[in-house]
Each structure stands twice: as C-alpha cells, then as structure tokens.
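Descriptive analysis of the structure
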Amino acid sequence: MPRPYLFCFGLGYSARALARRLLAEGWRVAGTCRSEAQQGALAAEGFAVELFARGRPLPAPAFAGASHLLLSIPPDPEGDPVLARHAADIGALPGLRWLGYLSTTGVYGDRGGGWVDEESELRPSGERGRRRVAAEAGWRALWQTRGVPVHVFRLAGIYGPGRSVLDPLAAGTAKRIRKEGQVFSRIHVEDLAAALAASMRRPRPGAIYNVCDDLPAPAEEVVAFAAALLGLAPPPLVPFAAAELSEMAKSFYADNKRVSNRRLKEELGLSLAYPDFRSGLKAVRGG
C-alpha cells in the first residue's frame, strides 16, 4: 500500500497532536494555517504548511494524493470555508479513505445537566453552535451525495500540555467560578488524537462520535484540584453572577450537560489514557 498521507485543514493544537502520532508511524503529514508567522513556526516543527483562508483557497495539488483529511477550521458567519472553497476538490479525490470533521458538543445545547449521546436532538443555544450544526450537515451531505468518507467528531473541552487550567493558576490569573449545578465535559488532547487514530483504523463513513472523558465535572472542582497539584491555595470561589466574565466566557456557561462517550469506546475499542480530569491534569503536571 502507498504511504498514508494526512492533510489537515487547520494544523492547530489538536491536529498537531494527531500529526505527531502519525509521523512517528511513518505517515506523510501536511496542512494549513492562517498566517506567515504560524507557517514559519510550523515549518520549524517539520510540517509542510500552506496558507488557507476563505479568500485564499488552496491550489488543488496542495492536498492531491491525500488518503486522509482532517478538518478543524471552525465555520465563520458565512459557513464552513473549506466546504465552500474545496468541496468539489475533496469529492474528486480518488484515494480518500477517511475524512474527519471536528465539531463540538455545543451542538446539543443546554440540557440542564442531563445526559446526551449521538442520537440526541441538536438544539444549539448560541450562534457558534448553530454554525456547527450547519457545517456538520454540509459535510454529511457530501458523504450522502458523493460518497466522501465523512466522520464527525463532537469534541468536549480540550486540554493538555500548554493549554489547561494549570497555566492561569501558575500565572495568578485563574478564577474559580461556581454556577449551581453546572458541569462540563472535557477531553485530554492525546485521548482526542487516539480517538481519531482509532477511527482511521476502523472507518465507518457517516459515523458521529462524542469525544469526551468519563467524568463531567464542575469547573470550580477542576480549578481546586489543579491548585492542589501546584501546591497553591485555590482562588476564592466567585458566584457566576458576580464573575465579570467576557461575553465569550459567559457563553461557555450557557450550556449544562453530561456527554456520553459510550459509542467511542464500544465501537472503536478506545481505552482512554485519561478518563477524568484528575488523571489528565496529573499527566500535564508531569506526575
């Protein structure tokens, strides 16, 4: 078989975790970024990177020969830019075996702390969630009409080295906010990469997977645990109503739900390395 080739539209934090895993297995990996500064930084890591934006589509040869595509660029107010600019090119790829679209569990909206799975109705509560629902539908339509091997991954909050609550705690900028009854689901970036790799080994075009750990938990509990790992006193507990959050930060508290990962584990045989925030943060801390 020819050497597998992953092309990532959006070679960001999550995509790079998968890319490093596959490079170690002998894959060819390339992708896109938005700026020349990012391009230089990614080139220094050994990645071949093209600039891409809605107004700057790629020449088709940029991803010709790709056996696998990963799509991690969020939709903008006009929709999904990759779908808009390259749907026809992707539909014509002759050797494409797998396409993964990274969506969000935000498509489920607020469930008052109740559980959702992949069969739950999509009821996004914000504009970003509604854009994701539309993007998912667009990619799945490409599977239904063109046979493109689309897989949708609905991601919980991603954390890992360089991107966790440990960083603002160490910097002295973390807040410990309490909203009564509120829980969030999370996923360590390496478990996300493992989930994507497992799907590549067992492709099922049209499939949808929630990607999250086993333990939805309140944000204030996570902050307190992380502070203890660092040997710090936890920040004072602040009620949500008094937290003075930005509109973006407030939007994360609009939805309250518990997300099931049963399909991910049963269908793909995935065993999470970090099944809860405690094991994940310990690994990020290095202990």
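We now turn to the structure provided with this report. All of these numbers come straight from a predicted model, not from anything done at the bench.

For the rest of this paragraph, the subject is the sheet that holds strand β4 (residues 68–71). The seven strands are arranged β3-β2-β1-β4-β5-β7-β11 in an open sheet whose pairing can be described as parallel. In this open sheet, the two edge strands, each paired with only one partner strand, are β3 (48–51) and β11 (208–211). Across the sheet, the mean angle separating the axes of adjacent strands is 20 degrees when strand polarity is ignored. Relative to strand β5 (residues 98–104), β4 runs parallel, the two sharing four bridges. Its bridge partner lying in β5, His68 is registered against Trp98. Sheet contacts for helix α3 (residues 81–91): β1 (5–9), β4 and β5; angle to β1, the most-contacted strand, approximately 155 degrees.

This next bit is on the environment of Ala241. When you line up the elements, Ala241 lands in the loop between β12 (237–239) and α8 (247–252). Distance in space between the C-alpha atoms of Ala241 and Arg178 is 9.0 Å, their sequence separation being 63 residues.

It is the contact of helix α1 (residues 13–24) with helix α6 (residues 189–201), at a shortest axis distance of 9 Å, that shows an interaxial angle of 60 degrees. Taken as axis vectors, α1 and α6 run oblique relative to one another. As for the relative orientation of α1 and α6, their crossing is right-handed in sense. In this structure, α1 uses Tyr13, Ser14, Ala17, Leu18, Arg21 and Leu22 to contact α6, whose residues at the interface are Val189, Glu190, Leu192, Ala193, Ala194, Leu196, Ala197 and Met200.

Another aspect to go through is the pattern of salt bridges. Enumeration over the complete set of coordinates arrives at 16 salt bridges. Taking the shortest distance from any N to any O, the salt bridge between Glu121 and Arg123 comes out at 3.7 Å. Residue Arg123 is classed as partly exposed on the basis of its relative accessible area of 40%. Close ionic contact of Glu136 with Arg154 constitutes a salt bridge, the shortest N to O distance being 2.7 Å.

One can find Gly126 in the loop between β6 (115–116) and α4 (127–146). Exposure remark for Gly126: the relative accessible area of 26% places this residue in the partly exposed category. Gly126 sits 39 residues away from Val165 along the chain, and the two C-alpha atoms are 24 Å apart.

Turning next to the side chain of Ser199. Inspection of the secondary structure puts Ser199 in helix α6. At a separation of 2.9 Å, a polar atom in the side chain of Ser199 contacts the side chain of Trp98.

Below, the discussion takes up the environment of Pro218. Position of Pro218 relative to the elements: it lies in the loop between β11 and α7 (219–229). Classification of Pro218 by relative accessible area gives buried; the value is 19%. Sequence separation of Pro218 and Ala43 is 175 residues, and the distance between their C-alpha atoms is 38 Å. Excluding residues within four positions of it along the chain, Pro218 makes contact with Gln182, Val183 and Arg186.

Inspection of the entire model under this criterion finds zero disulfides. Left without a disulfide partner, Cys8 is nearest to the cysteine sulfur of Cys33, which lies 12 Å away.

Buried residues of helix α10 (residues 277–285): Phe277, Gly280 and Leu281, and no others. The arc that holds the buried residues of α10, viewed along the axis, is 95 degrees, so those residues lie on one side. If you follow the buried residues of α10, they end up packed against β8 (157–159), α5 (166–171), β10 (186–188) and α7. Two or three places before Arg278, at the start of α10, stands the capping residue Asp276, its side-chain oxygen 3.0 Å from that residue's backbone nitrogen. Of the residues one or two after α10, Gly286 is the one with positive phi, at around 95 degrees.

What counts, and at which threshold
- Chains are numbered independently. Their residues run from 1 in the order of the written sequence.
- Local features are withheld for residues below a pLDDT of 70 in this predicted model, meaning they are given only at 70 or higher, and side-chain atom pairs are given and counted only at 80 or more; totals for whole chains, interfaces and linings count all residues.
- As a rule here, side-chain values come from all non-hydrogen atoms in the structure, and water together with hydrogens is ignored.
- A pair of strands counts as paired when DSSP detects no fewer than two bridges linking them.
- Every helix listed is a DSSP run of H or I at least four residues long, and every strand listed is a run of E at least two residues long, numbered separately from the N terminus.
- Angles shown run from 0 to 180 degrees and are taken between the N-to-C directions of axes, each axis being a line fitted to C-alpha atoms and, for helices, limited to the stretch in contact.
- Two residues qualify as a contact provided that any one of their heavy atoms is within 4.5 Å of a heavy atom in the partner residue.
- Geometric relationships in this document are graded by angle, where less than 35 degrees denotes roughly parallel, more than 145 denotes roughly antiparallel, 65 to 115 denotes roughly perpendicular, and other angles denote oblique.
- Note: crossing handedness is left-handed where the near helix turns anticlockwise from the far helix by less than a right angle, and right-handed where it turns clockwise.
- By definition, a salt bridge exists where a carboxyl oxygen of Asp or Glu is found within 4 Å of a side-chain nitrogen of Lys or Arg.
- Relative accessibility under 20% of the residue-type maximum defines a buried residue, over 50% an exposed one, and the middle range a partly exposed one, all with a 1.4 Å probe and only protein chains included.
- Two N or O atoms form a polar contact when they lie within 3.5 Å of each other; inside protein one atom must be a possible hydrogen donor and the other a possible acceptor, and for residues adjacent in sequence the pair counts only when both atoms belong to side chains.
- In what follows, a disulfide is any cysteine sulfur pair within 2.5 Å.
- This arc is built from the directions going out from the helix axis to the C-beta atoms.

Geometric values such as these leave the question of function open.
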